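Structure at a glance
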Amino acid sequence: MVVDAYAQLVAEGFLVVRAGSGTVVRDVARPPSRPSVSAPSGRVEAPPYDIDLRPGLPDLASFPRAVWLAATRDVLRLLPDEELGYVAPWGALALREELADYLKRVRAAMVEPDHLVIVTGATQGLTLLVRMLAETGHTILAVESPSNASQRRVLGRHISHILDVPVDDEGLVVTELERTACRAVLVTPSHQYPSGVMLSPARRSELVRWAQRVDGVILEDDYAPEFRFERGPIGCLQGLDPQHVALVGSASKSLAPGLRLGWVVAPLVWHEMLLAAKRDDDFGSPVLSQHVLARLLANGAYDRHIRRTRRRYMERRNALVTALAEELPDWEMSGRGGGLHVMLRLPAGVDEERVCAAAADRGLAVQGARAMYGSLPAPHSLIASYARAPAGVLTEAVHRLAAASTSVRTATTGSNDPAIRRVRPATALDYF
Ligand SMILES: Cc1ncc(COP(=O)(O)O)c(C=O)c1O
C-alpha cells in the first residue's frame, strides 16, 4: 500500500525519483514540468495562448444545460422501452416531425418527416451524400474557395476530385462553375464559410438553373443559418428546388458539436439510397439525444435558446467590430452580418503565417485562411471568431492582434523568423 502511495505521488509529480539518491520531495513552489512532447522536426513549440479566436465552436458556456437536463429526465421517464432498441436508422420519428416543422418555419425548406434522415452532424450527412455521388458515377465535387479545410479533406476521401470554384462578394461565382464538367457542388449559401458572404438572390437562381440544366445536385451546408443580426435569415436554397438540392443541417453551432446531431433532406430520387447508406454506416444515431432535441423543439426551448445566443453573439460581434475599426482600420472585414466569426483580409506587408505566429507569441490564437482556398490563390487573411469571448476579452484580443501586426510589419527575417513557428496542438481545434 505504501508502495502504491509512493507510485501515485511520483505519477502526480510531488515526488521525484533520482537514480542513486532515492526519492525526494519536489520543490512545490515550482509546478512539475510538463512531460516534454517531442516536436515534429522543423517545428518550434509556441507558448500556450489564453485567448482563442479560432472558428469552429459556438459558445459552449451557453449550452442550455438546465433545459437539456429537464428534457432528458422527461425522456427517460416517458420513453417506451422499445425506443431503446435498434430503431429506424434514419432517426426517431419524434425528432423528424419536430425538425420538419422547424425547417419549414425557419428555413422555408420543403420537407416532410419521412424525408428527413438524422445523422451524427453535417460531416456524416455530407459524407454519405458524397459517397452516393461517387457510387452513381460522379467523379468531381466542386467546392467553394475558400471553404472549410477539414471538410475538403474528409470529402476528398470519397470522391476522385475536389474542384475549387471562387467566391466573390455575392457568393459562389456560378459562371466559373458553368465552365467545368462538374455536376455536383457543395455550397454554404446562408453564410459562406468562411467569408460570411450571403449568396445573392441572383446567384441563387443562377445556381439552381445550373443544377437543372446539367441534371446536377447542390449540397447545401446550412451550418449556422439562425445567427443573422441585422435582418432575419433568408430561406434555404432547398426550398427553391428540392429535386436538385440536398439540405444538410446540424446542431453543432446552435447547441454544441459534442452532441453530434445533424440532419439531411435529400432529393426524393436519392432518398432510399440515403436511408440504406445511413443504415449501413452505423445502424442509426444515438436515440436519447434525438428525443431530447425533439422536446426542446416542441416546447419552444430551442427557439428561446437561439434568441438568447443570437443576442449574445451580436453583442460580441459589435465589440470585435468596434475594436477592429479602432485599432486595425486597414484590415478589410467580411461576414459581419451573421455567423460566429468575421474574416479579415490583411493589408499588404502583413503576412498571414507571421501574424498568426506573432499573435500566438502574445497568447492569442487566430486562424489563417490559406488552407481554405485549396488550389486557388489565397489572399493573406485571418478568421476571428467572437463566439466564445466576452466583449472585454475581444477588445484585448484586438489589441494583441494590432501589436502582432506592428511587429510583423517591422520584423526582419532571420533564423528567429516567427513564420517558422507553429502552434503546438493544444485543444481539439488544432486537430481539424
Ligand atoms: C462549414 C461548416 N459546416 C458544418 C459544420 C458542422 O459540422 P458538424 O455538424 O459535423 O459538426 C462546420 C463546423 O465547424 C462548418 O465549419
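First things first, this report covers the structure right here in the doc. (Residues numbered from 1 in each chain as written. Predicted model: local features only at pLDDT ≥ 70, side-chain atom pairs only at ≥ 80, totals over all residues. Heavy atoms only, no water.)

To continue, consider the overall build of the chain. From N to C terminus, the chain includes 12 helices and 16 strands. The proportion of buried residues among the 432 residues of the chain is 50%. Sequence separation of 24 or more characterises 74% of the internal contacts of the chain that already satisfy a separation of 6 or more. Entry remark: accessible area of the chain is about 20,400 Å², with carbon and sulfur atoms responsible for 55%. (Helix = DSSP H or I, 4+ residues; strand = E, 2+ residues; numbered from the N terminus. Buried < 20%, exposed > 50% of the residue type's maximum accessible area, 1.4 Å probe, protein only. Contact = heavy atoms within 4.5 Å. Areas by Shrake-Rupley, 256 points an atom, 1.4 Å probe, with all protein chains shown as cover.)

Sheet strands pair via backbone hydrogen bonds, and the direction of the pair is either parallel or antiparallel. Overall, mixed pairing links the eight strands, which are arranged 4-11-10-9-8-5-6-7 in an open sheet. Edge positions in the open sheet fall to strand 4 (116-119) and strand 7 (171-172), since each of these has one partner strand only. Across four bridges, strand 10 (residues 245-250) lies against strand 11 (residues 262-265) in antiparallel orientation. Following the sheet pairing, valine 248 is matched in strand 11 by valine 264. On top of the sheet, helix 3 (residues 93-107) reaches strand 4 and strand 11; it is set at about 110 degrees to strand 4, its chief contact. Most of the contacts of helix 8 (residues 268-282) go to strand 4, to which it runs at about 25 degrees, and overall it touches strand 4, strand 9 (217-221) and strand 11. (Pairing = 2+ DSSP bridges. Axes fitted to C-alpha atoms, helices over the stretch in contact; angles between N-to-C directions.)

Next up on the list: the sheet that holds strand 16 (residues 381-385). If you trace the four strands from one edge of the open sheet to the other, you get 12-13-16-15, paired in antiparallel fashion. Every interior strand has two partners, whereas the edge strands, strand 12 (332-334) and strand 15 (367-368), have only one. Pairing geometry for strand 13 (residues 341-345) and strand 16, over five bridges, is antiparallel. Bridge pairing in strand 16 links valine 342 to alanine 384. This element, helix 10 (residues 301-327), spans strand 12, strand 13 and strand 16 of the sheet and lies at about 15 degrees to strand 13. The strands touched by helix 11 (residues 352-361) within the sheet are strand 15 and strand 16, with strand 16 carrying the most contacts at an inclination of about 40 degrees.

Attention shifts here to the environment of tyrosine 223. Position of tyrosine 223 among the secondary structure elements: in the loop between strand 9 and strand 10. Residue tyrosine 223 is classed as buried on the basis of its relative accessible area, which comes to 11%. Linking tyrosine 223 and glycine 249, residues 26 residues apart in sequence, is a C-alpha distance of 5.7 Å. In this view, tyrosine 223 contacts Thr188, His191, Gln192, Tyr193, Lys253 and His341; residues no more than four positions away in its chain are not counted.

Turning to the site of the ligand, a few remarks are in order. Surveying the vicinity of the ligand reveals 13 residues, the closest of which are Thr123, Asp221, Ser250, Ser252 and Lys253. In the model, an oxygen atom of the ligand is placed 2.6 Å from a nitrogen or oxygen of the serine 250 side chain. For the ligand, the protein covers 91% of the area, taking 400 Å² as the surface of the free molecule. The class makeup of the residues in the shell around the ligand is three nonpolar, seven polar and three charged. (Near = heavy atom within 4 Å. Polar contact = N/O pair within 3.5 Å; in protein donor to acceptor, adjacent residues only side chain to side chain. Nonpolar A, V, L, I, M, F, W, Y, C, P; charged D, E, K, R; others polar.)

Below, the discussion takes up a positive patch on the surface. Taken together, the side chains of Arg304, Arg307, Arg308 and Arg311 present a region of like positive charge at the surface. Along the chain, arginine 307 turns up in helix 10. (Patch = residues over 30% accessible without salt bridge, like charges linked within 9 Å, V, L, I, M, F, W, Y side chains within 5 Å. Salt bridge = Lys/Arg side-chain N within 4 Å of Asp/Glu carboxyl O. Lys, Arg positive; Asp, Glu negative; His and termini not counted. Charge placed at Lys NZ, Arg CZ, Asp CG, Glu CD.)

What the rule picks out here adds up to 23 salt bridges. Salt-bridge contacts for glutamate 353 lead to arginine 370; the nearest nitrogen and oxygen are separated by 3.8 Å. Of this pair, glutamate 353 sits in helix 11 while arginine 370 sits in the loop between strand 15 and strand 16, and the two are 17 residues apart along the sequence. The structure contains a network of salt bridges with shared partners spanning Asp50, Glu396 and Arg400.

Before going further, it helps to examine the nonpolar core. Leu53, Leu293, Trp331 and Leu382 are the most contacted members of the largest nonpolar core, which has 75 residues in total. Here this core takes nine residues from helix 10, the largest share from any one element. The contacts of leucine 53, once residues within four sequence positions are left out, are Leu364, Ala365, Val366, Ile383, Ala384, Ser385, Arg388, Ala389, Leu394 and Ala397. Counting 26 residues, the second largest nonpolar core, distinct from the first, contains Ala122, Val154, Leu155 and Leu275. (Core = buried A, V, L, I, M, F, W, Y, C linked by side-chain atoms within 4.5 Å.)

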